[in-house]
Amino acid sequence: MIEDMLRTPAAVRDAERHTAHNYHPLPVVISSAEGAWVTDVDGRRYLDCLAGYSALNFGHRHPTLIAAAHAQLDRLTLTSRAFVHDQFADFCRELAALCGKDLVLPMNTGAEAVETGIKVARKWGYQVKGVPDGQATIVVADGNFHGRTTTIVSFSTDEDARADFGPYTPGFRIVPYGDLAALAEAVDEHTVAVLLEPIQGEQGVVVPPEGYLAGVRRLCDERTVLFIADEIQSGLGRTGATFACEQEGVVPDMYLLGKALGGGIVPVSAVAADAAVLGVLRPGQHGSTFGGNPLACAVATEVVRLLATGEFQRRSTELGERLHAGLRALIGKGLVAVRGRGLWVGLDIDPTLMSGREACERLMERGVLAKDTHGSTIRLAPPLVITEEEIDHAVAQLTAVLAG
Ligand SMILES: *Cc1c(COP(=O)(O)O)cnc(C)c1O
């Protein structure tokens, strides 16, 4: 194809013209997708190894999810929570069962689930734990990513995410991720919750030391503090289990879910916890116009059913081993480190070779889409429907990129 007959360059320029530049996308303009593959406006195909930051765990346009969405579009899309609708009960019951919790509270975006978790923990702290009014603290980890609201960026340690957005919300203490002693030190009688990602995705798929999450669980039990697990990215099959916490034998008091819960179709997030925790909310104290809407519930119920089969968790475990093995073989050949779990990998590229951004641009030219996180780190999170051959293909393309 002749370069100036391509539609991509003009489409990239058009896409930039009337938007705030809060993203720096790779110059690919996607127009259709199916499973693990996307197609751009020039008809080129790419293997999607980002999967919408794990919002597309079941691949693009999974037939079961698309069918549920179509059927619901033809019947009912929105009621608000002022009324009950016929998709609500099944969704809440089945998601609660998947989580092993009494109750769920549906919202839309991940950040809203995090905000909900913070509000519930504070109210629980005042009403159940007996913390003096206005004194509640929540302990979080450095390197965290929990979303973009003003309160959430208040406890970010990423200066890009935080700078110039103050004044910041008080009530958070930041400790080093993976350091139990520091955590124990930071928790006091006013602490209502410890809020953590069981694996830090945005930070580069950072897995904490073995025993850390179990230690957090013990500490929270001893000090009557809620353990809130932000499983928005790590959960719902990504690591080879329904929840990353499960793989450490840990059950948190509260799960924060999002991303894949919407099946790559609609934004759906939720908080799941027992009645002793979520039960502190009374009518009028929290809500969302779109949270738990019929379309969201219809799609997310099918997501829960896909997960209940265990098939995607199994795929992530088995195919993840192949992906990790393929990538580990590149250590010393352009990679300095590989870490992660299941079909979720953080790669550190030798920074003297190229930046993460440059590696992603070269991968794109070879038909593989991935995204750098920080500096020379790339995150791979392909859809869990990816095949062995496609994994080998992705590894082969990365091998070629690293070989220059
Ligand atoms: C993506 C993400 C969020 C925020 O979700 P949004 O839907 O973008 O608001 C929160 N926590 C974690 C761990 C995430 O990966």
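Residues numbered from 1 in each chain as written. Predicted model: local features only at pLDDT ≥ 70, side-chain atom pairs only at ≥ 80, totals over all residues. Heavy atoms only, no water.

As for the overall build of the protein chain
Now for step 1: A count of helical and extended segments in the protein chain gives 14 helices and 15 strands.
Now for step 2: Against the 2.2 N^0.38 benchmark of 22 Å for 404 residues, the protein chain shows a C-alpha radius of gyration of 21 Å, consistent with a compact globule.
Now for step 3: Counting all 404 residues of the protein chain, 54% fall into the buried class.
Now for step 4: Across the protein chain, the fraction of contacts at a sequence separation of at least 24, relative to all contacts at a separation of at least 6, is 72%.
Now for step 5: Here the protein chain displays about 17500 Å² of accessible surface, and carbon together with sulfur accounts for 53% of that area.
Now for step 6: Distance between charge centres in the protein chain, computed from 36 positive and 50 negative side chains, equals 2 Å. (Helix = DSSP H or I, 4+ residues; strand = E, 2+ residues; numbered from the N terminus. Rg over C-alpha atoms; globule rule 2.2 N^0.38 Å. Buried < 20%, exposed > 50% of the residue type's maximum accessible area, 1.4 Å probe, protein only. Contact = heavy atoms within 4.5 Å. Areas by Shrake-Rupley, 256 points an atom, 1.4 Å probe, with all protein chains shown as cover. Lys, Arg positive; Asp, Glu negative; His and termini not counted. Charge placed at Lys NZ, Arg CZ, Asp CG, Glu CD.)

Some details on the sheet that holds strand β8 (residues 226–230)
Now for step 1: What the 7 strands build is an open sheet, ordered β4-β10-β9-β8-β7-β5-β6; its pairing is mixed. Here the strands that pair on one side only, and so sit at the sheet edges, are β4 (103–107) and β6 (172–175). Between one strand axis and the next, the sheet turns through 20° on average, direction left out of account.
Now for step 2: Summarising the sheet, strand β9 (residues 254–257) and strand β10 (residues 269–273) pair through 4 bridges and their orientation is antiparallel. In the strand pairing of β10, Y255 is matched with A272.
Now for step 3: Along the sheet, helix α4 (residues 88–99) makes contact with β4, β9 and β10, crossing β4 at roughly 120°. (Pairing = 2+ DSSP bridges. Axes fitted to C-alpha atoms, helices over the stretch in contact; angles between N-to-C directions.)

A few points about the domain arrangement of the protein chain
Now for step 1: Assigned domains within the protein chain: domain 1 (2–61 + 311–403) and domain 2 (76–308).
Now for step 2: Computed from C-alpha coordinates alone, the two centres of domain 1 and domain 2 are separated by 27 Å.
Now for step 3: With 27 residues of domain 1 at the interface, the matching set in domain 2 holds 29 residues.
Now for step 4: The contact between domain 1 and domain 2 buries some 2400 Å² in all, and 55% of this surface belongs to carbon and sulfur atoms.
Now for step 5: Ranking the residues of domain 1 by area buried against domain 2 places Q313, R341 and W344 at the top, with a combined share of 34%.
Now for step 6: The interface formed by domain 1 and domain 2 includes 2 salt bridges.
Now for step 7: The interface formed by domain 1 and domain 2 holds 20 residue pairs in polar contact (both at pLDDT 80 or more) in total. (Domains from an automatic or database assignment. Buried area = accessible area lost by both parts, 1.4 Å probe. Salt bridge = Lys/Arg side-chain N within 4 Å of Asp/Glu carboxyl O. Polar contact = N/O pair within 3.5 Å; in protein donor to acceptor, adjacent residues only side chain to side chain.)

Let's talk about the packing of helix α3 (residues 63–73) against helix α11 (residues 294–308)
Now for step 1: At a closest axis distance of 9 Å, the pairing of α3 and α11 adopts a crossing angle of 155°. Judged on the interaxial angle alone, α11 and α3 are roughly antiparallel. With respect to the hand of their crossing, α3 and α11 are arranged in right-handed fashion. Across from T64, L65, A68, A69, Q72 and L73 in α3, the residues of α11 making contact are P294, L295, A298, V299, E302, V303 and L306.
Now for step 2: Looking at the contact of α3 with α11 residue by residue, the class counts come to 10 nonpolar, 2 polar and 1 charged. (Parallel < 35°, antiparallel > 145°, perpendicular 65-115°, else oblique. Left-handed = near helix turned anticlockwise from the far one by under 90°. Nonpolar A, V, L, I, M, F, W, Y, C, P; charged D, E, K, R; others polar.)

Overview of the site of the ligand
Now for step 1: Around the ligand, a shell composed of T109, G110, A111, F145, H146, G147, E197, D230, I232, Q233 and K259 is seen.
Now for step 2: At 2.8 Å from an oxygen atom of the ligand is found a main-chain nitrogen or oxygen belonging to G110.
Now for step 3: Between F145 and the ligand, the recorded distance is 3.4 Å, taken from a backbone N or O atom to a nitrogen atom.
Now for step 4: Considering the ligand on its own, with 380 Å² of exposed area, one finds that the protein chains cover 81% of that surface.
Now for step 5: Each residue belonging to the shell around the ligand can be placed in one class, and the counts come to 3 nonpolar, 5 polar and 3 charged. (Near = heavy atom within 4 Å.)

Describing the layout of surface pockets
Where empty space is left in the structure can be found by rolling a water-sized probe over the atoms.
Now for step 1: Counted as a void, the second largest pocket has a volume near 390 Å³.
Now for step 2: Together, 19 residues line the second largest pocket, and R81, V104, L105, P106 and L281 are the ones closest to its centre.
Now for step 3: For the lining of the second largest pocket, the secondary-structure elements that each account for two or more residues are α4 and β4.
Now for step 4: Broken down by element, the residue count for the lining of the second largest pocket peaks at 5 residues, all from β4.
Now for step 5: When grouped by side-chain class, the residues that make up the lining of the second largest pocket number 10 nonpolar, 7 polar and 2 charged. (1 Å grid on protein atoms, 1.4 Å probe; cavity = no way out; pocket = protein on both sides within 12 Å on 5 of 7 lines; lining within 4 Å. Points joined across faces, edges and corners; volume = space filled by probe spheres on them.)

Things to note about the packing of aromatic side chains
Now for step 1: Enumeration according to the criterion identifies 4 aromatic pairs in this entry.
Now for step 2: Centre to centre, the rings of F58 and F312 are 5.0 Å apart; their planes meet at 85°, and the pair counts as edge-to-face. Placement of the pair is F58 in the loop between α2 (51–54) and α3 and F312 in helix α12 (residues 311–328), with a sequence separation of 254 residues. Here F58 and F312 have matching classes, each one buried.
Now for step 3: Ring centres of F155 and F172 lie 4.3 Å apart, and the angle between their planes is 35°; on these two criteria the pair is classed as tilted. You can see F155 sitting in the loop between α6 (150–154) and α7 (159–162) and its partner F172 sitting in strand β6, a full 17 residues away along the chain. Here the two residues F155 and F172 agree in accessibility, since each one is buried.
Now for step 4: Cation over ring: R45 sits above W37, and NZ or CZ is 4.7 Å from the ring centre.
Now for step 5: Stacked on the ring of Y168, the Lys or Arg R162 has its end atom at 3.8 Å from the ring centre. (Phe/Tyr/Trp six-rings, centres within 6.5 Å; stacked < 30°, edge-to-face > 60°. Lys NZ or Arg CZ within 6 Å of the ring centre and 35° of its normal.)

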